[in-house]
Amino acid sequence: VLPLHEPDFRPPGGRFSVRLVRARFRLSRPAFRPLSSRFRMFASLDFFQIALIGIAAFAAGAVNSVAGGGTFFSFPALLAVGVPPVVANASNSVSLWPGSLAAAWAFRRELKRFSRSLPWLSLVAFVGGIAGGLLLLATSNAVFARLIPWLLLVATVLFAFSNEISAVVKKW
């Protein structure tokens, strides 16, 4: 049986401490929890923290509508207000997903030229998303917090060298 509670968590830099409750799925536990227990951590946010999340969400949506990469705004904002890393990542992914769907709908004419490869790429993305989500559920907040800088570095390098990577992929 996996523990539900971890000791106090200090992210790199040690600025804040948050008591974490790791979300684990157990068959003996009902899947439904009242909203009050789900959003207890958000009840203690002050105006500045709410404004920070709102501004970051607006910036993330604007950046995602143009080029992608809005997670660089919204994810650190959630961490800064004290949301545990795994919960922040999941919340961020869920909140930005409708924008991705809207972008796919807006660019549906451009996507028609990829009609042969798009179903396979969608399947790979779906399987990768499921595998990543399951891996994230199995990862503790402390381990994930240590991985965050490296994951952001990899994402930054991929963004910075996307043209070069695309050229190599086209040749391959």
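Computed from a predicted model, the values in this text were never measured in an experiment. (Residues numbered from 1 in each chain as written. Predicted model: local features only at pLDDT ≥ 70, side-chain atom pairs only at ≥ 80, totals over all residues. Heavy atoms only, no water.)

**Student:** Would you explain the overall build of the protein chain in this entry?
**Tutor:** Along its length, the protein chain carries 8 helices and 0 strands. Along the protein chain, helices (α) and strands (β) appear in the sequence α-α-α-α-α-α-α-α when read from the amino end. A buried classification covers 21% of the 172 residues belonging to the protein chain. For the protein chain, the exposed area adds up to about 13100 Å²; of that, 71% sits on carbon and sulfur atoms. (Helix = DSSP H or I, 4+ residues; strand = E, 2+ residues; numbered from the N terminus. Buried < 20%, exposed > 50% of the residue type's maximum accessible area, 1.4 Å probe, protein only. Areas by Shrake-Rupley, 256 points an atom, 1.4 Å probe, with all protein chains shown as cover.)

**Student:** Would you explain a nonpolar patch on the surface in this entry?
**Tutor:** Taken together, Trp150, Leu153, Val154, Val157, Leu158, Phe161, Ile165 and Val169 make up a surface patch of nonpolar side chains, about 770 Å² in accessible area. Breaking the nonpolar patch down by element, the ones donating at least two residues are α7 (141-160) and α8 (162-171). Turning to its location among the elements, isoleucine 165 is positioned in helix α8. (Patch = residues over 30% accessible without salt bridge, like charges linked within 9 Å, V, L, I, M, F, W, Y side chains within 5 Å. Salt bridge = Lys/Arg side-chain N within 4 Å of Asp/Glu carboxyl O.)

**Student:** Help me out: how do you make sense of the environment of glutamine 49 in this one?
**Tutor:** By the element assignment, glutamine 49 lies in helix α2 (residues 47-66). Among all residues touching glutamine 49, those that are not within four sequence positions of it are Ser44 and Val81. (Contact = heavy atoms within 4.5 Å.)

**Student:** Would you mind going over the packing of helix α3 (residues 71-80) against helix α4 (residues 85-106) with me for this structure?
**Tutor:** When two helices pack together, you describe them by how their axes are tilted relative to each other and by the distance separating the axes. Axis separation between α3 and α4 bottoms out at 9 Å; the angle between their running directions is 140 degrees. Handedness of the crossing formed by α3 with α4: right-handed. Contact residues: α3 offers Thr71, Ser74, Phe75, Leu78 and Leu79, while α4 offers Pro85, Ala88, Asn89, Ser91, Asn92 and Leu96. Looking at the contact of α3 with α4 residue by residue, the classes come out as 6 nonpolar, 5 polar and no charged. (Axes fitted to C-alpha atoms, helices over the stretch in contact; angles between N-to-C directions. Left-handed = near helix turned anticlockwise from the far one by under 90°. Nonpolar A, V, L, I, M, F, W, Y, C, P; charged D, E, K, R; others polar.)

**Student:** Can you help me understand the packing of α2 against α3 in this one?
**Tutor:** Where α2 contacts α3, the two axes come as close as 8 Å, and the packing angle between them is 165 degrees. With respect to their mutual orientation, α2 and α3 come out roughly antiparallel. Judged by the sense of rotation from one axis to the other, the crossing of α2 with α3 is left-handed. On the side of α2, the interface is formed by Leu52, Ile53, Ala56, Ala59, Ala60 and Val63, while α3 contributes Phe73, Ser74, Ala77, Leu78 and Ala80. Classifying every residue of the contact of α2 with α3 gives 10 nonpolar, 1 polar and no charged. (Parallel < 35°, antiparallel > 145°, perpendicular 65-115°, else oblique.)

**Student:** Got a minute to help me understand the nonpolar core in this structure?
**Tutor:** As a rule of thumb, nonpolar side chains are buried together in soluble globular proteins. Of all hydrophobic cores here, the largest spans 11 residues; its members are Leu45, Phe75, Leu78, Leu79, Val81, Val83, Val86, Ala88, Leu136, Phe144 and Ile148. No other element matches the 3 residues that α3 contributes to this core. (Core = buried A, V, L, I, M, F, W, Y, C linked by side-chain atoms within 4.5 Å.)

**Student:** What's the story with the confidence of the model for the protein chain in this structure? I'm lost.
**Tutor:** A low pLDDT score tells you not to read the predicted coordinates there in detail. Residues with a pLDDT of 70 or more make up 75% of the protein chain, whose mean pLDDT is 78. The low-confidence segment residues 1-10, where pLDDT is below 50, has 32 contacts with residues more than four positions distant or belonging to other chains. This stretch, residues 15-31, has a pLDDT under 50; its non-local contacts, to residues over four places away or in other chains, come to 39 contacts. (pLDDT = per-residue confidence, 0-100.)

**Student:** Help me out: how do you make sense of the packing of aromatic side chains in this one?
**Tutor:** Enumeration according to the criterion identifies 1 aromatic pair in this entry. The cationic tip of arginine 108 hangs over the ring face of tryptophan 105; the distance from NZ or CZ to the ring centre is 4.2 Å. (Phe/Tyr/Trp six-rings, centres within 6.5 Å; stacked < 30°, edge-to-face > 60°. Lys NZ or Arg CZ within 6 Å of the ring centre and 35° of its normal.)

**Student:** Where do I start with the side chain of asparagine 92 in this structure?
**Tutor:** Looking at the element boundaries, asparagine 92 is found in helix α4. Judged by relative accessible area, which is 3%, asparagine 92 ranks as buried. Reaching out from asparagine 92, the side chain makes a polar contact with the side chain of threonine 71 at a distance of 3.2 Å. Apart from the residues lying within four places of it in its own chain, the contact partners of asparagine 92 are Thr71, Ser74, Phe75 and Leu78. (Polar contact = N/O pair within 3.5 Å; in protein donor to acceptor, adjacent residues only side chain to side chain.)

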